[in-house]
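# What the coordinates show
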Amino acid sequence: MRIINKALTRIPDSYYILLTLFNCSFLLSLGAGYWKYQKTTAFIIVMIALQFLSRRFWFTTFLSFIPFYCIKLPLFPRLTNHGNLQIFIGILLLICIISALRKNHSIISKPPVIQNLFIYPLVTVYVLAGIHKLNSDFFDLNFSCTNYVSFKLNNFLFGDGFEPSSLVTRISQILTIFFELIVPIGLLFQKTRKASVWFMVVFHAGMSVFGFSNFSALAGFLLCGCIIDFNGDRMYYDVIIKGLKRYIAIAIVSVVVSYMITRFSILNAQHVRVYNGLIFNIGWFAFFAILISKTKVKKQTRRLNVLSATLVIFIIFWGGQSYLGLSNAGNLTMFSNLKTEKSRSNHYVFNTNTTKIWSFEEDLVTMLSIPKELKWQGSIPLDSLCQLPLIEFKSQANVWIEKFDYPLELTIKYKGDIIHIKNLKNSKWSEVEWWYHYIYFRKITQAGTNQCLW
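Worth saying up front: this structure is predicted, and the values here are computed from it rather than measured. Counting restarts for each chain: residues are numbered from 1 in the order of the written sequence. A pLDDT threshold of at least 70 governs which residues receive local features in this predicted model, and a stricter bar of 80 or more applies before side-chain atom pairs are shown or counted, although totals over entire chains, interfaces and linings include all residues. Think of the side-chain values as coming from all heavy atoms in the structure, minus any hydrogens and water.

### Examining the overall build of the chain
In terms of helices and strands, the chain carries 15 helices and six strands. Computed over the C-alpha atoms, the radius of gyration of the chain is 23 Å, within 12% of the 22 Å expected from 2.2 N^0.38 for a compact globule of 454 residues. Projected onto the principal axes, the alpha-carbon positions of the chain cover approximately 70 × 50 × 45 Å. Buried means the residue's accessible area, taken with a 1.4 Å probe over protein chains only, is under 20% of the maximum for its type, while exposed means over 50%, and partly exposed covers the values in between. Across the 454 residues of the chain, 55% fall into the buried class. Any two residues having at least one pair of non-hydrogen atoms within 4.5 Å are treated as being in contact. Within the chain, contacts between residues separated by at least 24 positions form 74% of all contacts whose residues are at least 6 apart in sequence. Mean positive and mean negative side-chain charge positions of the chain (45 and 22 charges, respectively) differ by 15 Å. Here a strand is any run of E in DSSP of at least two residues, a helix any run of H or I of at least four, and the numbering for each starts at the N terminus. To get the radius of gyration, use the C-alpha atoms; to get the globule rule, take the number of residues to the power 0.38 and multiply by 2.2 Å. Positive charges come from Lys and Arg alone, negative charges from Asp and Glu alone, with His and the N- and C-terminal ends not counted. In plain terms, the charge of a residue is placed at NZ if it is Lys, CZ if Arg, CG if Asp and CD if Glu.

### A closer look at the packing of helix H3 (residues 38–53) against helix H11 (residues 234–264)
The angle between two axes is taken between their N-to-C directions and runs from 0 to 180 degrees, where each axis is a line fitted to C-alpha atoms and a helix contributes only its stretch in contact. Remark: H3 packs on H11, axes separated minimally by 10 Å, with the N-to-C direction vectors making an angle of 160°. Classified by the angle their axes make, H3 and H11 are roughly antiparallel. At the point where H3 passes H11, the crossing takes the left-handed sense. Contact with H3, carried on its side by Gln38, Ile45, Ile48, Ala49, Phe52 and Leu53, involves Lys245, Ile248, Ala249, Ile252, Val255, Val256 and Tyr259 of H11 and no other residues of that element. Should an angle fall under 35 degrees it is called roughly parallel, over 145 degrees roughly antiparallel, and 65 to 115 degrees roughly perpendicular, with every other angle called oblique. Crossing handedness is read from the near helix: turned anticlockwise from the far helix by less than a right angle, it gives a left-handed crossing, and turned clockwise, a right-handed one.

### Here we look at helix H4 (residues 60–72)
One less than the number of residues in a helix, times 1.5 Å, gives the span that helix is expected to have. Taking 1.5 Å of rise per residue, 13 residues should cover 18 Å, and H4 covers 18 Å from first to last C-alpha, within 8% of that figure. Note on bend: at a given residue it equals the angle between the axes fitted to the 7 residues ending there and to the 7 starting there. At Ile66, H4 shows its largest kink, close to 30°, and the proline Pro67 lies no more than four residues downstream. In terms of burial, H4 is a largely internal element, 10 of the 13 residues being buried. Those residues of H4 lying buried are Thr60, Thr61, Phe62, Ser64, Phe65, Pro67, Phe68, Tyr69, Ile71 and Lys72.

### Quick look at the pairing of strand S5 (residues 410–414)
In terms of burial, S5 is a largely internal element, four of the five residues being buried. Note on pairing: two strands pair once DSSP finds at least 2 bridges between them. By the bridge criterion, four bridges tie strand S1 (residues 364–369) to S5 in an arrangement that is antiparallel. Across the sheet, residue Val365 finds its bridge partner in S5, namely Tyr414. Relative to strand S6 (residues 417–421), S5 runs antiparallel, the two sharing five bridges. Directly across from Tyr414, in S6, lies its bridge partner Asp417.

### Thoughts on the side chain of Asn276
One can find Asn276 in helix H12 (residues 272–294). Under the relative-accessibility criterion, Asn276 is labelled buried at 0%. Discounting residues that sit within four places of it in the chain, Asn276 has contacts with Leu28, Gly31, Ala32, Ser213, Ser254, Val255 and Ser258.

### Concerning the nonpolar core
The nonpolar core is taken to be a set of buried Ala, Val, Leu, Ile, Met, Phe, Trp, Tyr and Cys residues, with the residues joined through side-chain atoms within 4.5 Å. Counting 93 residues, the largest nonpolar core has Ile17, Phe22, Phe221, Phe287, Phe288 and Leu291 as the members making the most contacts within it. Among the elements that line this core, the one with the most residues is helix H10 (residues 190–227), at 17 residues. In this structure Phe22 touches Thr61, Phe65, Tyr69, Gln86, Ile89, Gly90, Leu93, Leu218 and Phe221, once residues within four positions along its chain are discounted. Leu390, Leu410, Ile421 and Leu424 belong to the second largest nonpolar core, which has 25 residues in total.

### A word on the packing of helix H2 (residues 13–31) against H10
For the pair H2 and H10, interaxial distance at closest approach is 8 Å and the crossing angle is 170°. On the basis of their axis angle, the class for H2 and H10 is roughly antiparallel. Here Ile17, Leu18, Leu21, Phe22, Cys24, Ser25, Leu28 and Ser29 of H2 lie close against H10, whose contacting residues are Ser213, Asn214, Ala217, Leu218, Gly220, Phe221, Cys224 and Gly225. Looking at the contact of H2 with H10 residue by residue, the classes come out as 10 nonpolar, six polar and no charged. Polar here means any residue outside two lists: the nonpolar Ala, Val, Leu, Ile, Met, Phe, Trp, Tyr, Cys and Pro, and the charged Asp, Glu, Lys and Arg; Gly therefore counts as polar.

### Some words on the state of the cysteines
Any two cysteine sulfur atoms lying within 2.5 Å of each other are counted as a disulfide. Counted by the stated rule, this structure contains one disulfide. Between Cys24, a cysteine without a disulfide, and Cys224, which holds the nearest cysteine sulfur, the sulfur-to-sulfur distance is 11 Å.

### Digging into the sheet that holds S1
One key point about sheets: their strands pair by backbone hydrogen bonds, in either a parallel or an antiparallel sense. With antiparallel pairing, the four strands of this open sheet are ordered in space as S4-S1-S5-S6. Whereas interior strands pair on both sides, the edge strands pair on one side only; in this sheet they are strand S4 (387–389) and S6. For this sheet, the mean angle separating the axes of adjacent strands, direction not counted, is 30°. This element, helix H15 (residues 390–403), spans S1, S4 and S5 of the sheet and lies at about 100° to S4.

Structure follows, in structure tokens:
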């Protein structure tokens, strides 16, 4: 009990800052757009507000864990890419805190060690995301994910029907690869770390106005861990925490505005995430301008210790599942146009015809006629002639029959046979094994350029 009481009053300021940033990532994940979970979002706002008031409330991050993980864990790994990362990071944080409370000299109390836990895994995440984009469809000028990502902002600025020029699309493609494959490498070196963080801050500010402040909020936590001085003095932390409080206040304002827009139709709800990102960026730049300018990057030996190496290997496996024949959604393949079927792989480097171990993705169900209300992951339309691997089709079907209380009639093609299903609930096509949930595939565009999906 004494150890816990001591921790409650004397947690290092660097840990308080990081935990608060992580708590803000929960808030933006749930509240950047429409508030689907209103009570949980409101609860997390209160928890973050307490952190705004005093450093003593650092532990409210773990109180936010409870409702957030109650929502997200049952869905894992069928979450957004940053949602899955939040699950992994949260579990690691809990392990670290328990370790710190039980041992007076925990390994995580050593600044070089804990900073490595941010730097090496974060570089791996960005580089893998960039590697997935090295495919012919991502560099297509008409259907590239860069156009998909910028759609909300383009619609906000230029109205419906606007299409970026080929030159703008090509520049966007090149910049995306630059920011994901080249810039993060600079985090590994003392001389380039500050510049790399600044580049990534600008990159995520752009992503926020594109509608992805939820991902940027998580990136803010990770980027801060890469640069913050874990041995700073009181004056240093006081200045950083002032910037943090601005970030907290504006993050809360951004999600409250999102609620007001969608609840009371104050502005065009179609642009809610753009408005959210514009407001969020005010606090985003205010915090990182202070953090980067006031932090002196010290020369330290960047050894890849066992824990960091383990995390890197895990992330490589998690992100590389697509090339082995396992999941190709929710594992850093976001907005990549990636196609990984053996016969129709579009990657420039990896030939999945030779790298695949499992063939789940080749066992395809083709949609011939399907009710409009049946969508992949509840939001992505399943157009005629699109395809799903059999285990993914069954997983989706199992969700559909729970969601809709009337007979679902559809026509599919499987192994050359055309099959008319009069009632999906009473058919074998909605029967699942427990492990289907954990192998997660996107829908597949049957012909032509692969559709962009998150």
